[in-house]
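What the coordinates show
Below are the chains, spelled out letter by letter.
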Amino acid sequence: MKRLLTIALILGALATLLALGTWQLQRLEWKQGLIAQAQERPTLPPVPLGELLEEAELQMISSTYGEAQDEAIEGLSYRRTSLEGRFVTEPVRVFTTLSDAEGPYEGPGYWWLQGFETASSIVFVNRGFVPFELAPGLGVRRAPAGVVQLEGLIRPNDVAGRFTPEADYEDGLIYRRDVSQLMQASGVSVALPITIDLAAGVGGELPQAGETKFTFTNRHLEYALTWYGLALCLVGVVGVAWWRRRPVDPADADG
């Protein structure tokens, strides 16, 4: 009985590892399709934000969100959208280092993100890049007052790195694009779990918009190989254990 239980546990573990590896390969195929779409999306005409939200069934959040929202966000990433409303918060500075800039300014600086209220939601809008040091006489434009129409690209949260510093809410400074942190820094209680990068404006003006970088995290092949590797290791360990415990023929033992 004990032997049968051991065999069942080994076969169950092996089946689980193989299933996880196969699932990651399926996710890899899905992610590659998403990346291919992202290369095309910015060239398409803008779609009103309300229509995109209804299509994706994306809801506002108060803090965190689940897997269904994650997939909806990835499906909307880099879609070009239009929206109408008004800015309702002061800027939150998000530390960044801009390279290969489309505009004249790059290097260390900040993204300036502000809450923007539409008829049905609040979303954080990235007005663009502002360098650390400004040339004499160069200032940063305030957000327009009243109702305005905007156009930009939908962006997901940035992934936290191992050495990403903690947000400094007292100084209104955070170190990655994260809606939950933006909400806390600006005093907003609910918002959409996406941000929007504004399209490029007048050259030389700050914040410098139109600096979206197209990046996707795609480690599904790495994960698949890890699971399949663990399955292979399990087979190897079981094989070695079986070899050592196999009955030995007395004739072989006598040499």
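Preceding this section is the structure that the text describes.
Residues numbered from 1 in each chain as written. Predicted model: local features only at pLDDT ≥ 70, side-chain atom pairs only at ≥ 80, totals over all residues. Heavy atoms only, no water.

**With respect to the overall build of the protein**
For the protein, the count of helices and strands is six helices and eight strands. Taken from the N to the C terminus, the helices and strands of the protein come in the order α-β-α-α-β-β-β-β-β-β-α-β-α-α. Over its C-alpha trace the protein gives a radius of gyration of 26 Å, far above what one expects of a compact globule, namely 18 Å for 255 residues. In terms of overall dimensions, the protein has C-alpha extents of about 95 × 40 × 35 Å along its principal axes. Sorting the 255 residues of the protein into buried and exposed places 35% on the buried side. Considering only contacts within the protein whose residues lie at least 6 apart along the sequence, 72% involve residues at least 24 apart. As displayed, the protein has an accessible area near 15300 Å², and 56% of this comes from carbon and sulfur atoms. The centroid of the 21 positive side-chain charges in the protein is displaced by 7 Å from the centroid of its 31 negative side-chain charges. (Helix = DSSP H or I, 4+ residues; strand = E, 2+ residues; numbered from the N terminus. Rg over C-alpha atoms; globule rule 2.2 N^0.38 Å. Buried < 20%, exposed > 50% of the residue type's maximum accessible area, 1.4 Å probe, protein only. Contact = heavy atoms within 4.5 Å. Areas by Shrake-Rupley, 256 points an atom, 1.4 Å probe, with all protein chains shown as cover. Lys, Arg positive; Asp, Glu negative; His and termini not counted. Charge placed at Lys NZ, Arg CZ, Asp CG, Glu CD.)

**As for the packing of aromatic side chains**
Two measures describe an aromatic ring pair: the distance that separates the ring centres and the angle between the ring planes. Under the definition given, this model contains five aromatic pairs. Where Phe 87 meets Phe 116, the ring centres are 5.0 Å apart and the plane angle is 75 degrees; that geometry is what we call edge-to-face. Here the residue Phe 87 occupies a position in strand β2 (residues 80-87), and Phe 116 occupies one in strand β4 (residues 107-117), the gap between them amounting to 29 residues. Judged by its relative accessible area of 13%, Phe 87 is buried. Since its relative accessible area comes to 0%, Phe 116 is described here as buried. Ring centres of Phe 95 and Tyr 175 lie 6.0 Å apart, and the angle between their planes is 45 degrees; on these two criteria the pair is classed as tilted. Highlighted residues: Phe 95 in strand β3 (residues 92-98) and Tyr 175 in the loop between β7 (173-174) and α4 (179-186), separated in sequence by 80 residues. (Phe/Tyr/Trp six-rings, centres within 6.5 Å; stacked < 30°, edge-to-face > 60°.)

**Quick word on the pairing of β2**
Bridging between strand β1 (residues 47-48) and β2 involves two bridges; their strand directions are parallel. Residue Pro 48 lies in a different strand from β2, and its bridge partner there is Ser 82. Pairing between β2 and β4: two bridges, direction antiparallel. For Phe 87, the partnering residue across the bridge sits in β4 and is Phe 116. (Pairing = 2+ DSSP bridges.)

**Looking at the side chain of Arg 155**
Take Arg 155: it is sitting in strand β6 (residues 148-155). Taking the relative accessible area as the measure of exposure, Arg 155 reaches 8% and is therefore buried. A distance of 3.1 Å separates polar atoms of two side chains, one belonging to Arg 155 and the other to Asp 197. Apart from the residues lying within four places of it in its own chain, the contact partners of Arg 155 are Tyr 78, Arg 177, Ile 194, Thr 195, Asp 197, Thr 212 and Lys 213. (Polar contact = N/O pair within 3.5 Å; in protein donor to acceptor, adjacent residues only side chain to side chain.)

**Some details on a nonpolar patch on the surface**
A cluster of nonpolar side chains, namely Leu 4, Ile 7 and Leu 11, defines an oily patch on the protein surface of about 300 Å² accessible area. Mapped onto the secondary structure, Leu 4 falls in helix α1 (residues 2-40). (Patch = residues over 30% accessible without salt bridge, like charges linked within 9 Å, V, L, I, M, F, W, Y side chains within 5 Å. Salt bridge = Lys/Arg side-chain N within 4 Å of Asp/Glu carboxyl O.)

**Topic: unusual backbone geometry**
Here the bond from Leu 206 into Pro 207 is cis, since omega is 0 degrees, no more than 30 degrees from zero. Residue placement: Pro 207 occurs in the loop between β8 (195-198) and α5 (220-245). Of note in the backbone geometry, Tyr 78 takes a positive phi value of approximately 70 degrees without being a glycine. Here Tyr 78 is to be found in the loop between α3 (67-76) and β2. With a relative accessible area of 1%, Tyr 78 lands in the buried category. Residues other than glycine seldom take positive phi values, yet Asp 100 does so here, at roughly 50 degrees. Structurally, Asp 100 can be placed in the loop between β3 and β4. Looking at Asp 100, the relative accessible area reads 64%, which means it is exposed.

**Some words on the nonpolar core**
If you look at the biggest cluster of nonpolar residues, it comprises 20 residues, and the most contacted ones within it are Leu 49, Phe 116, Val 123, Leu 150 and Ile 194. Breaking this core down by element, the ones donating at least two residues are α2 (49-56), α3, β2, β5 (122-131), β6 and β8. Every residue in contact with Val 123, bar those within four places of it in the chain, is listed here: Leu 49, Leu 83, Gln 114, Gly 115, Phe 116, Leu 192, Ile 194, Thr 195 and Ile 196. Counting 16 residues, the second-largest nonpolar core is a separate cluster that includes Ile 61, Phe 124, Met 183 and Ala 191. (Core = buried A, V, L, I, M, F, W, Y, C linked by side-chain atoms within 4.5 Å.)

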